[in-house]
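A structural walkthrough
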Amino acid sequence: MRYADVEKRLDMRLTLTMEQQHPILPLLEREIDTIPLDSHHLGNEAFIDLFICGSPMEKLEGVLSQFHPDIMGGCLIVRMKAEEMGTASSILDQLAEIPLSARGSLYLTDRKIFADFRISSSDISPITEIEKRILAMNNRVRIADFGPGAGGIATIEKVDSRIHLGVVSYEVDILRDFGDSIKGDCFIEYNFNQVEKNGFRAIIYDSQGQSAAYIDSPFLREVQRLSIEEKIPKAAILARPENGKYRSFTFLPDSMVDNQVSILYRASSKFPDAGFRLLAIRSYSREVWDWI
């Protein structure tokens, strides 16, 4: 099974916009139109990372020093607690709780956070309650777009148009960790919620349709922990079982590929029995869908 066989099964798109008034924004808008973001949880706290890359980075490095940014892969990375971005965090968390949902683009433009989600038309009932809650708030959060979507590949293409992506593929012998969650010919797509007690919540596509499941592995938890510590954003994480192994495809900024590969080697040294094997490092193009 390939991703192209299943990428349109989450057939609806929802875009949430959240107007922001953070003091960092006036410093940014003179130099950059669109800023890629990443959101995640670390322990009990939620964070949003801003990525200022290329020539704007050089111009803004001094101005943004008060926010203590990190520098990696040609980008300034400014990490802020999610509550500093207003009401965005709780609504994003509520959308991420929809079982058959996957987050797509997350970016800032015109002082608004734009968050795209792909959702199955069979699982859209929660949207009615979320919109009701948003309207009752009477604030700067709104659903800007909701309807049929173009699929997962189109979503990744949009991310690539804002920050060029790379792909890292590897395999590990960890399928036994998943129990009965993964069986037969299937494809896995993670929905970017935080790691929960039961593991990573994922969407499993197979010949019968799609379902939500928890997938857990010490190796995957270590990769996730190190990625968050290093502030490496992910545009998508896809996977499938192949020849009895877990084969993963990670989409991230092309300039940070080496950092991600280093993390994989660190995780593999901690879990040598996983039998880590690097399969591909490639700059993103449409041709990657011939083998993913």
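Here goes a summary of the coordinates provided. (Residues numbered from 1 in each chain as written. Predicted model: local features only at pLDDT ≥ 70, side-chain atom pairs only at ≥ 80, totals over all residues. Heavy atoms only, no water.)

Our focus in this paragraph is the overall build of the protein chain. Each helix and strand counted, the protein chain has seven helices and 15 strands in total. Taking 2.2 N^0.38 as the reference for a compact globule, 292 residues should give roughly 19 Å; the C-alpha atoms of the protein chain span a radius of gyration of 19 Å, in line with that estimate. Burial statistics for the protein chain: of 292 residues in total, 53% are counted as buried. Surface summary for the protein chain: the accessible area is close to 13,100 Å², and the carbon and sulfur share equals 46%. Considering the protein chain, the positive charge centre built from 34 side chains and the negative charge centre built from 43 side chains are found 1 Å apart. (Helix = DSSP H or I, 4+ residues; strand = E, 2+ residues; numbered from the N terminus. Rg over C-alpha atoms; globule rule 2.2 N^0.38 Å. Buried < 20%, exposed > 50% of the residue type's maximum accessible area, 1.4 Å probe, protein only. Areas by Shrake-Rupley, 256 points an atom, 1.4 Å probe, with all protein chains shown as cover. Lys, Arg positive; Asp, Glu negative; His and termini not counted. Charge placed at Lys NZ, Arg CZ, Asp CG, Glu CD.)

Glancing now at the packing of helix 6 (residues 218–230) against helix 7 (residues 257–270). Where helix 6 contacts helix 7, the axes come no closer than 9 Å and their chain directions differ by 140°. Overall, the two elements helix 6 and helix 7 adopt an arrangement that is oblique. For the element pair helix 6 and helix 7, the recorded crossing hand is right-handed. Between helix 6 and helix 7, the residues in contact are Phe219, Glu222, Val223, Leu226, Ser227 and Glu230 and Gln260, Ile263, Leu264, Arg266, Ala267, Ser268 and Lys270, respectively. Here the contact of helix 6 with helix 7 is built from residues that sort into six nonpolar, three polar and four charged. (Axes fitted to C-alpha atoms, helices over the stretch in contact; angles between N-to-C directions. Parallel < 35°, antiparallel > 145°, perpendicular 65-115°, else oblique. Left-handed = near helix turned anticlockwise from the far one by under 90°. Contact = heavy atoms within 4.5 Å. Nonpolar A, V, L, I, M, F, W, Y, C, P; charged D, E, K, R; others polar.)

Core analysis: the largest hydrophobic core is formed by 37 residues, its most contacted members being Leu16, Leu28, Leu50, Ile52, Leu64 and Leu95. Residues within four places of Leu28 in sequence aside, it is in contact with Ile35, Leu50, Ile52, Leu60 and Leu64. (Core = buried A, V, L, I, M, F, W, Y, C linked by side-chain atoms within 4.5 Å.)

All right, on to the sheet that holds strand 14 (residues 245–253) then. Spatially, the seven strands line up as an open sheet ordered 12-11-10-13-14-9-15, and their pairing is antiparallel. On the outer flanks of this sheet lie strand 12 (209–215) and strand 15 (277–283), each paired with one strand and no other. Taken pair by pair, the neighbouring strands of this sheet meet at an average axis angle of 20°, ignoring direction. In this structure, strand 13 (residues 236–242) lies alongside strand 14, joined through seven bridges in antiparallel fashion. Its bridge partner being in strand 14, Leu238 is matched across the sheet by Phe249. Running at roughly 15° to strand 9 (residues 165–172), helix 7 makes contact with strand 9, strand 14 and strand 15 of the sheet. (Pairing = 2+ DSSP bridges.)

Here the structure, examined in full by the defined rule, presents twelve aromatic pairs. Residues Tyr3 and Phe187 carry aromatic rings whose centres are separated by 5.5 Å and whose planes lie at 40° to one another, so their mutual orientation is tilted. You can see Tyr3 sitting in the segment before strand 1 (12–19) and its partner Phe187 sitting in strand 10 (residues 187–190), a full 184 residues away along the chain. Of the two residues, Tyr3 and Phe187, both sit in the buried class. Counting every residue linked through ring pairs, the aromatic cluster contains Tyr3, Phe187, Phe251, Tyr284 and Trp289. (Phe/Tyr/Trp six-rings, centres within 6.5 Å; stacked < 30°, edge-to-face > 60°.)

Residue position: Asn139 is located in the loop between helix 4 (125–137) and strand 8 (141–148). For the pair formed by Asn139 and His22, sequence separation is 117 residues and the distance between their alpha carbons is 15 Å.

The next thing to look at is empty space enclosed by the protein. Evaluation of the coordinates by the stated rule reveals two cavities of 30 Å³ or more. The computed volume of the largest cavity comes to approximately 200 Å³. Forming the boundary of the largest cavity are 18 residues, of which Pro36, Leu37, Leu106, Val159 and Ile163 lie nearest the centre. Listing elements by their share of the lining of the largest cavity, those giving two or more residues are strand 2 (34–42), strand 6 (101–109), helix 5 (152–162) and strand 14. Residue composition of the lining of the largest cavity, by class: twelve nonpolar, two polar and four charged. Roughly 90 Å³ of internal volume is contained in the second largest cavity. Along the walls of the second largest cavity sit 15 residues, with Arg103, Arg118, Glu189, Ala235 and Ala236 positioned nearest its centre. Mapped onto the lining of the second largest cavity, the elements with two or more residues apiece are strand 6, helix 5, strand 10 and strand 13. Tallied by class, the residues present in the lining of the second largest cavity amount to nine nonpolar, three polar and three charged. (1 Å grid on protein atoms, 1.4 Å probe; cavity = no way out; pocket = protein on both sides within 12 Å on 5 of 7 lines; lining within 4 Å. Points joined across faces, edges and corners; volume = space filled by probe spheres on them.)

Without other data, these values stay purely geometric and don't point to any function.
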